[in-house]
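# Summary of the model geometry
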Amino acid sequence: MHSSDVVLVIVAILFPPAAAGFLTGCSCDLFINICLTLLGYIPGHIHAFWLIYKNAQAEERYGPGGYKYTGNGEYAPIDGYSHVHVQPQYQNPQPPTYGATQQG
């Protein structure tokens, strides 16, 4: 957990819609969080903590700044941003023999 996540958790404890607004901007999730907070303070907290958790998952998967919020707690990688190293797939030129002797 990064220091920015700790600050978001503190903000979410004090006022959950502010944390939702920092993460998602002016989106449907902000409106949902405001409604949940008005209905009960605990549901607003749960939703804000869920958004923080999904943001932390996206940061682990795509790297810092390599993702954008697409709504509904989902994140997508930014086109052209390659932080995560992908191992190249090598093709085996010969099929495995599994201990069988070669005929020839």
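Below is a summary of the structure that appears in this document. (Residues numbered from 1 in each chain as written. Predicted model: local features only at pLDDT ≥ 70, side-chain atom pairs only at ≥ 80, totals over all residues. Heavy atoms only, no water.)

## Details of the nonpolar core
In terms of nonpolar packing, the biggest core is built from 9 residues, these being Leu8, Ala12, Ala19, Ala20, Leu23, Leu30, Ala48, Leu51 and Ile52. Among the secondary structure elements, those contributing two or more residues to this core are α1 (3-14), α2 (16-24) and α4 (41-62). When neighbours within four sequence positions are excluded, Ala12 is seen to be in contact with Ala19, His45, Ala48, Phe49 and Ile52. (Core = buried A, V, L, I, M, F, W, Y, C linked by side-chain atoms within 4.5 Å. Buried < 20%, exposed > 50% of the residue type's maximum accessible area, 1.4 Å probe, protein only. Helix = DSSP H or I, 4+ residues; strand = E, 2+ residues; numbered from the N terminus. Contact = heavy atoms within 4.5 Å.)

## A closer look at the side chain of Asn55
The residue Asn55 is located in helix α4 in this model. Once residues lying within four places of it in the same chain are set aside, the contact partners of Asn55 are Asp5, Leu8, Leu23, Tyr67 and Tyr75.

## Re α2
Residues that lie three or four places apart on an α-helix share one face, since the helix turns once every 3.6 residues. Along α2, the residues that are buried comprise Pro16, Pro17, Ala19, Ala20, Leu23 and Thr24. Buried positions in α2, seen along its axis, are confined to an arc of 160° and lie on one side of it. Where α2 is buried, its residues contact α1, α3 (28-39), α4, β1 (67-71) and β2 (74-77). Two residues or fewer after α2 comes Gly25, characterised by a positive phi angle close to 75°. (Arc of directions from axis to C-beta.)

## What to know about the pairing of β1
In terms of strand pairing, β1 meets β2 through 4 bridges, oriented antiparallel. By the bridge assignment, Lys68 is partnered in β2 with Ala76. Between β1 and β2, which pair antiparallel one after the other, the connecting turn spans 2 residues, and Asn72 there sits at a positive phi close to 60°. (Pairing = 2+ DSSP bridges.)

Treat this as a map of the structure, not an account of what it does.
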